[in-house]
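What follows is each chain in one-letter form.
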Amino acid sequence: MKCLKSKKKIIISIAAMTVAVLFVFMANSGLLNYADGVVSDAVYQKQKATDGEIVVVGIDQKALQEIGPLPWSRDIMADVISILNSGEEKPAVIAVDVLYVGESASPENDSYLANVADFGENVVTASAATYGSGIVEIGDNFYVEKRKVLAYDEPFPELAKVTNTGHINTMADSDGIIRHALLAIDVPGKGTVKSFSRTIYEKYCEVKGIAVNPEPPTIKGFFYIPFTGKGGAYYDFISASDIYYGEVDPDFFAGKIVLIGPYAAGLQDEYRTSIDHAAPTYGIEIHANLVEAFRNGFYPIEASKALQLVLLFFITFVMFIFFYDRKVLHSVVGEIIVCLGTILLAYLLYHTGGIVLHVLWIPLFVSILFVVSIAINYIKTSNEKRKVADTFGHYVDPVIMKQLLEQGTSALELGGKMHDIAVLFVDIRGFTTMSESLDPPTVVEIINSYLTLTTECIMKNHGTLDKFVGDCTMAFWNAPLSQEDPVYLACCAAMDMVEGSKALGEQLLEKYGRTVSFGIGVNWGPAVVGNIGAPRRMDYTAIGDTVNTSARLEANAPGGKILISRAVADILGDRAKVTSLGNSIKLKGKADGFEILTLDELIRK
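Everything numeric here is computed off the predicted structure, so don't read it as measured data.

## Brief notes about the overall build of the protein chain
Okay, step 1: For the protein chain, the helix and strand inventory stands at 18 helices and 24 strands.
Okay, step 2: Contacts spanning at least 24 positions in sequence make up 74% of the contacts within the protein chain whose residues lie at least 6 apart.
Okay, step 3: Summed over its atoms, the accessible surface of the protein chain is roughly 29700 Å², and 58% of this surface lies on carbon and sulfur atoms.

## Things to note about the packing of aromatic side chains
Okay, step 1: Overall, the coordinates contain 15 aromatic pairs when judged by the stated rule.
Okay, step 2: Arranged with centres 5.6 Å apart and planes meeting at 90°, the rings of Phe298 and Tyr350 form a pair that is edge-to-face. Taken as a pair, Phe298 in the loop between α9 (283–296) and β15 (301–302) and Tyr350 in helix α11 (residues 328–353) lie far apart in primary sequence, 52 residues in all.
Okay, step 3: Given a relative accessible area of 28%, Phe298 falls into the partly exposed group.
Okay, step 4: Aromatic ring contacts, followed pair by pair, group Tyr44, Tyr224, Phe298 and Tyr350 into a single cluster.
Okay, step 5: Sitting above the plane of the Phe294 ring, Arg198 keeps its charged end 4.9 Å from the centroid.

## Topic: the environment of Lys577
Okay, step 1: Relative to the helices and strands, Lys577 resides in strand β23 (residues 576–580).
Okay, step 2: Here Lys577 falls in the exposed class, since its relative accessible area comes to 54%.
Okay, step 3: Residues Lys577 and Leu599, spaced 22 residues apart in sequence, show a C-alpha to C-alpha distance of 6.4 Å.

## As for the sheet that holds strand β14 (residues 276–282)
Okay, step 1: Pairing is mixed across the open sheet formed by 3 strands, whose spatial order is β6-β13-β14. For this open sheet the edge positions go to β6 (177–178) and β14, each flanked by a neighbour on one side alone.
Okay, step 2: Here 3 bridges tie strand β13 (residues 270–273) to β14, and the two strands are oriented antiparallel to one another. Along β14, the bridge assignment pairs Thr273 with Asp276.
Okay, step 3: Set on the sheet, α9 makes contact with β6, β13 and β14; between it and β14 the angle comes to about 95°.

## Topic: a negative patch on the surface
Okay, step 1: On the surface, Glu88, Glu89, Asp249 and Asp251 cluster together to form a negatively charged patch.
Okay, step 2: Note that Asp249 resides in the loop between α8 (240–244) and β12 (257–262).
Okay, step 3: Asp249 sits in the partly exposed class, given a relative accessible area of 49%.

## Overview of helix α5 (residues 107–120)
Okay, step 1: Relative to the 20 Å expected for 14 residues at 1.5 Å per residue, α5 spans 20 Å between its end C-alpha atoms, a close match to the ideal helical length.
Okay, step 2: Among all positions in α5, only Asn109, Asp110, Leu113, Ala114, Val116, Ala117 and Gly120 are buried. Looking down the long axis of α5, one finds its buried residues gathered within 160° of arc, a one-sided arrangement. Those residues of α5 that are exposed and aimed more than 90 degrees away from the buried face are Glu108 and Phe119.

## What about the nonpolar core?
Okay, step 1: In terms of nonpolar packing, the biggest core is built from 44 residues, with Leu424, Trp477, Phe518, Ile520, Val522, Ile562 and Leu572 touching the most fellow members.
Okay, step 2: With 13 residues, helix α16 (residues 486–512) is the single largest residue contributor to this core.
Okay, step 3: Sequence-distant contacts of Leu572, defined by excluding residues within four places in its chain, comprise Val487, Tyr488, Cys491, Leu599 and Leu602.
Okay, step 4: In this structure, Phe196, Cys205, Ile225 and Val291 belong to the second largest nonpolar core, which totals 33 residues.

## Observations regarding the environment of Val426
Okay, step 1: Looking at the secondary structure, you find Val426 in strand β17 (residues 415–429).
Okay, step 2: Linking Val426 and Ile562, residues 136 residues apart in sequence, is a C-alpha distance of 9.0 Å.
Okay, step 3: Once residues lying within four places of it in the same chain are set aside, the contact partners of Val426 are Tyr450, Thr454, Asp471, Cys472, Thr473, Met497, Phe518, Gly519, Ile520 and Glu554.

## Looking at the layout of surface pockets
Okay, step 1: Considering only enclosed or pocket space, the largest pocket measures out at about 860 Å³ in volume.
Okay, step 2: For the lining of the largest pocket, the secondary structure elements donating two or more residues are α2 (33–44), β10 (222–224) and α10 (305–323).
Okay, step 3: Sorting elements by how many residues they give to the lining of the largest pocket places α2 first, with 6 residues.

## Regarding the pattern of salt bridges
Okay, step 1: In this structure the tally under the stated criterion is 23 salt bridges.
Okay, step 2: For the salt bridge of Arg604 with Asp496, the shortest nitrogen-to-oxygen distance reads 2.7 Å. Of the two residues, Arg604 is situated in the segment after β24 (596–602) and Asp496 in helix α16; the sequence distance between them amounts to 108 residues.
Okay, step 3: A relative accessible area of 39% means that Arg604 is categorised as partly exposed.
Okay, step 4: In the salt-bridge network here, residues are joined through shared partners; they are Asp41, Asp173, Asp175 and Arg179.

## Describing the packing of helix α7 (residues 196–208) against α9
Okay, step 1: For the pair α7 and α9, the least separation of the axes is 9 Å and the interaxial angle reads 50°. Taken together, the axes of α7 and α9 lie oblique to each other. Note on packing geometry: the crossing formed by α7 with α9 is right-handed. Only His287, Leu290, Val291, Phe294 and Arg295 of α9 make contact with α7, whose side of the interface consists of Phe196, Ser197, Arg198, Ile200, Tyr201 and Tyr204.
Okay, step 2: Taken together, the residues that form the contact of α7 with α9 break down as 7 nonpolar, 2 polar and 2 charged.

## Observations regarding the pairing of β12
Okay, step 1: The element β12 is extensively covered by neighbouring structure, given that 6 of its 6 residues are classed as buried.
Okay, step 2: In the sheet, strand β2 (residues 93–96) pairs with β12 via 4 bridges, with the strands oriented parallel. Counted as the bridge partner of Ala95 is Leu259 from β12.

## Some words on α11
Each turn of an α-helix holds 3.6 residues, which means side chains three or four residues apart point in the same direction.
Okay, step 1: A rise of 1.5 Å per residue sets the reference length of α11, with its 26 residues, at 38 Å; its end C-alpha atoms lie 36 Å apart and thus fit the reference within 8%.
Okay, step 2: Buried residues of α11: Ser331, Gly334, Glu335, Val338, Cys339, Thr342, Ala346 and Tyr350, and no others.
Okay, step 3: Following α11 by one or two positions, Gly354 adopts a phi angle in the positive range, close to 65°.

## Regarding the side chain of Asp471
Okay, step 1: Of note, Asp471 is situated in the loop between β18 (464–469) and β19 (472–477).
Okay, step 2: Beyond its immediate sequence surroundings of up to four residues, Asp471 is in contact with Val426, Asp427, Ile428, Phe431, Ile447 and Tyr450.

Rules used throughout
- Throughout this description, residue numbers start from 1 for each chain and increase along the sequence as written.
- With the structure being a predicted model, the display of local features is reserved for residues of pLDDT at least 70 and the display and counting of side-chain atom pairs for 80 or more, all residues being used for whole-chain, interface and lining totals.
- As a rule here, side-chain values come from all non-hydrogen atoms in the structure, and water together with hydrogens is ignored.
- Helix and strand definitions here come from DSSP, where helices need a minimum of 4 consecutive H or I residues and strands a minimum of 2 consecutive E residues; each element is numbered from the N-terminal end.
- Throughout, a contact is declared for two residues whenever any of their heavy atoms are within 4.5 Å.
- Method for areas: the Shrake-Rupley scheme with a 1.4 Å probe, in which residue coverage is limited to the protein chains shown.
- Working definition: a ring pair exists when centres of Phe, Tyr or Trp rings (six-membered ring for Trp) sit within 6.5 Å. Plane angles under 30 degrees give stacked, over 60 give edge-to-face, the rest tilted.
- Classification of residues uses two cut-offs on accessible area relative to the type maximum, computed with a 1.4 Å probe and protein chains only: under 20% is buried, over 50% is exposed, and between them is partly exposed.
- Only when the NZ of Lys or the CZ of Arg is both within 6 Å of the ring centre and within 35 degrees of the ring normal is a charge said to sit over the ring.
- Following DSSP output, two strands are said to pair if at least two bridges run between them.
- For helices, the fitted line uses only the C-alpha atoms of the stretch in contact; every axis is such a line through C-alpha atoms, and the angle between N-to-C directions lies from 0 to 180 degrees.
- Note that patches include only residues with greater than 30% relative accessible area and no salt bridge, and the join distances are 9 Å for like charges and 5 Å for nonpolar side chains (Val, Leu, Ile, Met, Phe, Trp, Tyr).
- Salt bridges are identified by distance alone: a Lys or Arg side-chain nitrogen within 4 Å of an Asp or Glu carboxyl oxygen.
- By the counting scheme adopted, Arg and Lys are positive, Glu and Asp are negative, and His together with the chain ends is not counted.
- Taken as the charge centre is NZ of Lys, CZ of Arg, CG of Asp or CD of Glu, depending on the residue.
- Here the expected length of a helix is defined as 1.5 Å per residue gap, with one fewer gap than residues.
- Directions are taken from the helix axis to each C-beta atom, and the arc is the one they span.
- In plain words, nonpolar cores are sets of buried Ala, Val, Leu, Ile, Met, Phe, Trp, Tyr and Cys residues tied together by side-chain atoms within 4.5 Å.
- A 1.4 Å probe that fits but cannot get out identifies a cavity on a 1 Å grid over protein atoms alone, an open set with protein on both sides within 12 Å along at least five of seven lines counts as a pocket, and a residue lines either if it has an atom within 4 Å of a point.
- Grid points are joined across faces, edges and corners, and a volume is the space filled by probe spheres set on the points.
- For classification purposes, an angle smaller than 35 degrees is called roughly parallel, one larger than 145 roughly antiparallel, one from 65 to 115 roughly perpendicular, and anything else oblique.
- By convention the crossing between two helices is left-handed if the near helix lies anticlockwise of the far one by an angle smaller than a right angle, and right-handed if it lies clockwise.
- Each residue receives one of three labels: charged for Asp, Glu, Lys and Arg, nonpolar for Ala, Val, Leu, Ile, Met, Phe, Trp, Tyr, Cys and Pro, and polar for the others, Gly being one of them.

Okay, here's the thing in structure tokens:
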């Protein structure tokens, strides 16, 4: 038995390990990136209040209608910058998210824009790199780099000399959502170019005279963006046309960070971000979020993927074993604790420690294990009930059967237990003689009528039908489950059989000219009850002296009589009328003094 249990544990462990490895493979493959991104973004990205230090000036639909479609001549942007710097205190930074590459057709406008930027000393301009695959040489060796800067567009030289420049390259994750920003790029011949937003932040700190927060840690140059606001003018927003036509007091921008950029559909500067998958966020708003992140100095770090995969393997392995053959309520509680606990832990780690986890992985796979285990346990329970029903259904009272089904296959285990039981044997008197003069079909019909009667009497009184041996029927009470007043129930069945035999005898007399009667024996005492036999063929039965004595009582009972032991009579008490036969009948294997009685009447409840 111990060997079987040990083998079963090994099989379960191997299955759990196999499933856990499969889950790790699925998580690592990227199949869950989209779904995990949706869940993780919902947990991590929350809109927060800002202090009004950042103002977005949008080249919106209003500006396009009132000033004209893009591209604007450079003197228009020069006028906007000039107006912004015309207050008593200039903005700390004016950042322009528009590429001014190369000289235009109007050198005067180019110089005007450069002079205005030089005068303000607070302008940050945009540059952009073009990426592609290229060969990188290192000494005598070379390799193909998939993300190589093939071209770099920067402001025309006159403007580049008087402004700080940062790259505006934006790259989405595999699901098309912006979650990461590129801190800096290495441009051949120019060196490292920091991002537009980092350049804006450092310029802001320089003007304000405040300490610069450290740069965020990166993975392959990228860092996770902790968004502050959704798209749709979450930051203070003003149309570029309102500034251009003098409808806003320049003093409103004093000491602030002013971000100027496209803010209209069709300008190809819309993105879906982790804080809002549905509504578009304009590029200038992403820069605003990044500047806010640098100001706050909150840089979430994505936990090692390898470590998370190891954790996923361990938890799914343990939960597989936990769910196996577990009660539904316990499984539900375990599933809720692990799933909600994982989500809560991820939330707390992010907002208190800046740790980013894959939120979906563990809850998803644990939930899959939970659902599968419930389904398997349901099928297993159904099969167990079917096995119990197949084993007991034909000879156990339905009330007892219901209780056995709750026990499952434990009721089918080979072996027995000691029970005090009431045992009944009943046999037909005169059947052998009658069967000799009748044809076989008639004999079978008579025996079936008799067995049907005895079975109905046993079931009616909640007994367990043990077996048919020829024309003899055996039944017992108080097993497999304990019963209230089992001796009384057995005697009720015996009395019902005597009454039923009268009607059956009359039918046989009328039909065949012959009649039969029953001899019955009832005893009470200890016996071994259980599945006895071999694993391939077993019977649920009772064995022991109590059973043998009951059989001998029946063998000595005249037709229409019920013989009982003194143990039975004592339990019945004044509920029955009995007649003692003293020592007039000797039972095989019983010493002198074993009292036998006839059950004459029984008071029914």
